[in-house]
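Structure at a glance
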Amino acid sequence: MPEHFFAELSRRPGYTHVLLITTGSVASIKAPLIVKELLSYSKVLVDVVATKPSLEFYTKDEIVKAGARVWTDEDEWTGEFKIGDPILHIELRRWADIVLVAPCSANTLSKIAHGLCDNLATSLMRALAPTTPTYIFPAMNTLMYEHPLTAEHLRIIRDVVGYNVVGPIGKKLACGDIGIGAMTEWRDIVQIVVDNFQLSKALPENLS
Ligand SMILES: Cc1cc2nc3c(=O)[nH]c(=O)nc-3n(C[C@H](O)[C@H](O)[C@H](O)COP(=O)(O)O)c2cc1C
């Protein structure tokens with residue numbers, strides 16, 4: 001990881017900067033696929049912000065191999081802050097043209113709905129400009145999804161915060177239950193970005 005991350009120096013003119021936030025749902029296992037597919041489009045950069053539980057489901061190495069960076073709470077709290085240093089959650093929200101929370105756990109959903117900001121992911125979300133397109137892809141066990149609080153959190157996120165909520169979908173979940181709660185198919189998540197920014201596939205390296 002670069003020691004200091006300044007959005008202004010890291011953004012590339014003409015590129016779409018996709019910020020993927022992963023949380024502690026099994027569906028985080030799809031993060032490397034999402035990153036790889038996004039990077040197969042022309043002029044796309046991807047950064048990933050991972051909550052600690054989400055890194056149970058994929059490794060930083062997989063993301064780095066796919067061509068993106070991964071940021072964690074440790075990058076925000078280095079123990080060496082000096083006045084004038086960039087503040088990571090602010091720089092990341094300056095960097096992002098679009099934010100995807102995929103998957104969004106019940107825990108992070110609740111935190112966003114209530115304005116909590118106790119880690120890198122939720123701090124940057126609390127600092128997001130309302131003009132940044134933001135998509136939430138809930139993923140949780142069916143009973144977590146059907147818990148009365150979930151509907152209330154989703155209502156706040158849609159109607160008060162103004163984010164787009166996509167899914168969840170019904171299928172056999174990782175826990176063995178069959179029902180609603182699975183994250184939207186990862187290809188459909190990529191397609192939302194493609195449609196938003198009219199992306200086209202990158203040419204193979206030998207033709208570009
Ligand atoms: C193996 C495993 C799978 C889990 N899957 C989910 C899930 O799909 N959805 C969910 O909301 N929580 C799930 N959890 C619980 C979350 O990881 C837990 O609530 C955690 O605190 C979420 O933190 P985060 O939102 O900061 O990532 C799972 C936990 C374990 C141990």
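Residues numbered from 1 in each chain as written. Predicted model: local features only at pLDDT ≥ 70, side-chain atom pairs only at ≥ 80, totals over all residues.

Going by an unreviewed UniProt entry, the chain carries the name Flavoprotein and comes from Pholiota conissans. Check the Sequence similarities (unreviewed entry) section of the UniProt entry for the chain; it says "Belongs to the HFCD (homooligomeric flavin containing Cys decarboxylase) superfamily." (UniProt positions renumbered as here; feature names shortened; annotations may be inferred.)

So, about the site of the ligand. Taken together, 14 residues lie around the ligand, and Thr23, Gly24, Ser25, Thr51 and Ser105 are the ones closest in. With three residues, helix α6 (residues 106-114) is the largest single contributor of residues to the shell around the ligand. Of the residues assigned to the shell around the ligand, the class counts are six nonpolar, eight polar and no charged. (Near = placed C-beta within 6 Å. Helix = DSSP H or I, 4+ residues; strand = E, 2+ residues; numbered from the N terminus. Nonpolar A, V, L, I, M, F, W, Y, C, P; charged D, E, K, R; others polar.)

This part is about helix α5 (residues 88-95). Those residues of α5 lying buried are Leu88, His89, Leu92, Arg94 and Trp95. The inward-facing, buried residues of α5 abut α1 (7-10), β1 (16-22), β2 (44-50), β3 (69-71), α4 (73-76) and α7 (120-126). (Buried ≥ 20, exposed ≤ 12 C-beta atoms within 10 Å, placed from the backbone. Contact = placed C-beta atoms within 7 Å.)

Moving on, we come to the UniProt feature "domain: Flavoprotein" (unreviewed entry) in the chain. What UniProt calls "domain: Flavoprotein" (unreviewed entry) maps, in this numbering, to residues 17-196. Helix makes up 41% of residues 17-196 and strand makes up 22%, while its end C-alpha atoms are separated by 12 Å.

Ordered in space as β3-β2-β1-β4-β5-β6, the six strands form an open sheet in which the pairing is parallel. Looking along the sheet, the strands with just one partner apiece sit at the ends: β3 and β6 (164-165). Of the strand pairs in this sheet, β2 and β3 are connected by three bridges, and their pairing is parallel. In the strand pairing of β3, aspartate 47 is matched with arginine 69. (Pairing = 2+ DSSP bridges.)

Here we come to the environment of asparagine 196. The residue asparagine 196 is located in helix α10 (residues 186-197) in this model. A count of 14 C-beta atoms within 10 Å places asparagine 196 in the partly exposed class. Between the alpha carbons of asparagine 196 and glutamate 146 there is a distance of 30 Å; along the sequence they are 50 residues apart. Apart from the residues lying within four places of it in its own chain, the contact partners of asparagine 196 are Ile98 and Pro133.

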